[in-house]
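Below, each chain spelled out in residue letters.
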Amino acid sequence: MRNVLTVILLFLSTNVSLSQELLSQNEIKTFKENVIRQDAQTKTIVSDFIQYKHLSFLNNDIETFGNLAFKAPNSVKWEYTSPYKYSVIFKEDKLFINDGGDKSKIDIGSNKMFKSLNDMITNSLKGNMFNNNDFEVSYYKTQENFIVKFVPKDKGMLKFIALFELIFDKKSNDVIEVKMIEPSKDYTKIIFHNKIRNTNVNNEVFDN
Amino acid sequence: MFLLFSCGVPTIKGLPEYNVNLSQFINPYFANVNTDYVYKAKLNVYDKVFGGILIIKKLKENNHRIVFTTNFGNKIFDFEFIENDFKTHFIMEEINRKIIINILKRDFQILTQENNNVNRAFKKGSQFDIYQTKINHRFNHYVVDSQTKELIKIINSTQSKEKIIITFDNVQNSIAENIQIQHKNIPINIDLTFLNNH
């Protein structure tokens, strides 16, 4: 029985590694160009998302629902709507927080952690984070997706993020999923849906 | 009479004591291994407010895992109580201080410890029973509604002073939907609201 299980596991793991293929240098170049071109033409993005927090010891992942809005050059609103209300707005080097009605403001210019959080959110939303010197970047493809993996270079950051993955839809070159994997293998997965580029987004969306 | 009780902790001061027929008090709120206890948490520390998610899971008898994350899901700390041991699986560099860990450890031990040996029992009018237990040079007082037998509060004290008050509200199916952890000697308060995860 144990041998059968080993064979099945081996088969499954080989299958997974087979299904994720490294991109060639040419494929990387084309893929990057497509994403960068699309990003340059993007004035706004709106999307819904579901966040799954996976902790190995829980029966179920913790699901949180929300939506987000981006407006060029650098306004972002990230909002959780259910089962709790919490939003952050990144605007002009400031972070505005609304935690179920409790509002606060943080100057991100002075806070390295929030600055990198902002960069990460904005760039993963846009898909364009290839020029980030903080990560070791590698590129993979499956039948339907491109997968870009980012391993932090900074030892301090490695303590809480082992790997950061962006999963792109091959046809649209849009990020459809973000995954942050901790050294413990617990992870946070965010799946975007109803993502629309260049629709009208009012400035008031970014008022706290 | 006044002199006899004046140095006692206010929780039980002047209350009639009775012979307890209960050797252990069982805290029912984090006792089900099949439940993921997920709470929206608000920590008021001095003048600052930190929001996040508190996850409590009973892994087996006398074994609880307690994780606090930001609203984005990043872990702030990850603790485990196993029997009388305490393990830190993870803690953010910024709060990795012995004094902070000790405060959190004490709070969560009081909150989650399931089996508690009862030392003494008191009656507060006809409304409440108070069971006193001894823990690490301090006392825990389990305030229980005499009619419904519901655990209302846990009051942690020294010989003379109340130190930590945990209040449970809106109990549904042995889940306290609102929990407040209040410190009497330091400006740290924690508010928890249950999130229905599945």
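Everything numeric in this text was worked out from a predicted model, so none of it was measured.

(A) Broad picture of the overall build of chain B. Counting its secondary structure elements, chain B contains two helices and 14 strands. The C-alpha radius of gyration of chain B comes to 17 Å, within 12% of the 16 Å expected for a compact globule of 198 residues. Put simply, 41% of the contacts in chain B that link residues at least 6 apart link residues at least 24 apart.

(B) Representation of the overall build of chain A within the structure. Helix and strand counts for chain A come out as four helices and 12 strands. Taken across its 208 residues, chain A has 25% of its residues classed as buried.

(C) A look at unusual backbone geometry. Residues and elements named next belong to chain A. For the bond running from A72 to P73, omega is 5°, close enough to zero to count as cis. Note that P73 resides in the loop between β3 (62-71) and β4 (75-82). Geometrically, the link from S82 to P83 is a cis peptide bond, its omega value of 5° lying close to zero. With respect to the helices and strands, the residue P83 is situated in the loop between β4 and β5 (86-91).

(D) A look at the interface of chain B and chain A. At the interface, 21 residues of chain B touch 17 residues of chain A. Counting residues per element, the ones that place at least two in the side of chain B that touches chain A are β3 (37-45), β4 (48-60) and β5 (63-69) of chain B. In the side of chain B that touches chain A, the residues fall into seven nonpolar, nine polar and five charged.

(E) The arrangement of the environment of W78(A) in detail. With respect to the helices, strands and loops of the structure, W78(A) is situated in strand β4. With 29 residues separating them along the chain, W78(A) and F49(A) place their C-alpha atoms 9.8 Å apart.

(F) Representation of helix α2 (residues 98-112) of chain B. Compared with the 21 Å implied by 1.5 Å per residue over 15 residues, the 21 Å span of α2(B) between its first and last C-alpha is a close match. Regarding α2(B), the residues found buried are L104(B), F108(B), I110(B), L111(B) and T112(B).

(G) Region of the structure containing the nonpolar core. Residues L54(B), I55(B), Y142(B) and I166(B) are the most contacted members of the largest nonpolar core, which totals 44 residues. In this view, L54(B) contacts Y39(B), A41(B), F68(B) and L192(B); residues no more than four positions away in its chain are not counted. With 28 residues, the next largest nonpolar core counts I45(A), F49(A), F70(A) and I161(A) among its residues.

(H) Representation of the environment of N117(B) in the model. Residue and element names in this part refer to chain B. For N117, the location among the structural elements is in strand β8 (residues 115-124). N117 sits 50 residues away from V67 along the chain, and the two C-alpha atoms are 26 Å apart. Not counting the four nearest positions on each side in its chain, N117 is found in contact with S23, Q24 and T133.

(I) Just the sheet that holds strand β9 (residues 145-152) of chain A, in detail. Residues and elements named next belong to chain A. Spatially, β1-β8-β9-β10-β11-β12-β2-β3-β4-β5-β6-β7 is the arrangement adopted by the 12 strands of the open sheet, whose pairing is antiparallel. Edge strands, defined here as strands with exactly one partner in the open sheet, are β1 (21-22) and β7 (102-107). As judged from the two bridges shared by β1 and strand β8 (residues 135-141), these two strands associate in the antiparallel manner. In the strand pairing of β8, L22 is matched with Y140.

(J) How the structure looks around the pairing of β5(A). Residues and elements named next belong to chain A. Summarising burial for β5: five of the six residues are buried, a large majority. Of the pairings in the sheet, the one linking β4 to β5 comprises five bridges and is antiparallel in character. Along β5, the bridge assignment pairs Y80 with Y86. In this antiparallel pair of consecutive strands, β4 and β5, the connection spans three residues. Relative to strand β6 (residues 94-99), β5 runs antiparallel, the two being bridged by six bridges. Bridging across to β6, F90 finds its partner in L95. In this antiparallel pair of consecutive strands, β5 and β6, the connection spans two residues, and E92 shows a positive phi of 45°.

(K) Main features of the pairing of β8(B). All names here are of chain B. Relative to β8, strand β1 (residues 17-18) is paired through two bridges, and the arrangement is antiparallel. Bridge pairing links Y18 to A121 in β8. The sheet contact formed by strand β2 (residues 24-26) and β8 spans three bridges and is antiparallel. Pairing of F25 across the sheet is with N116, part of β8. Here β8 runs beside strand β9 (residues 128-135); their pairing, made up of six bridges, is antiparallel. Paired with F122 across the two strands is I130, which belongs to β9. The hairpin turn running from β8 into β9, its antiparallel successor, is three residues long, and G125 in that turn takes a positive phi close to 60°.

(L) Structural context of the confidence of the model for chain B. Residue and element names in this part refer to chain B. Of all residues in chain B, 95% attain a pLDDT of 70 or more, and the chain-wide mean is 90. Here residues 1-7 scores under 50 on pLDDT; set against residues more than four positions off or in separate chains, the count is three contacts. Predicted complex metrics record ipTM = 0.87 and pTM = 0.87.

What counts and what doesn't
Residues numbered from 1 in each chain as written. Chains lettered and ligands numbered in written order. Predicted model: local features only at pLDDT ≥ 70, side-chain atom pairs only at ≥ 80, totals over all residues. Helix = DSSP H or I, 4+ residues; strand = E, 2+ residues; numbered from the N terminus. Rg over C-alpha atoms; globule rule 2.2 N^0.38 Å. Contact = placed C-beta atoms within 7 Å. Buried ≥ 20, exposed ≤ 12 C-beta atoms within 10 Å, placed from the backbone. Nonpolar A, V, L, I, M, F, W, Y, C, P; charged D, E, K, R; others polar. Expected span 1.5 Å × (residues − 1). Core = buried A, V, L, I, M, F, W, Y, C linked by C-beta atoms within 7 Å. Pairing = 2+ DSSP bridges. pLDDT = per-residue confidence, 0-100.

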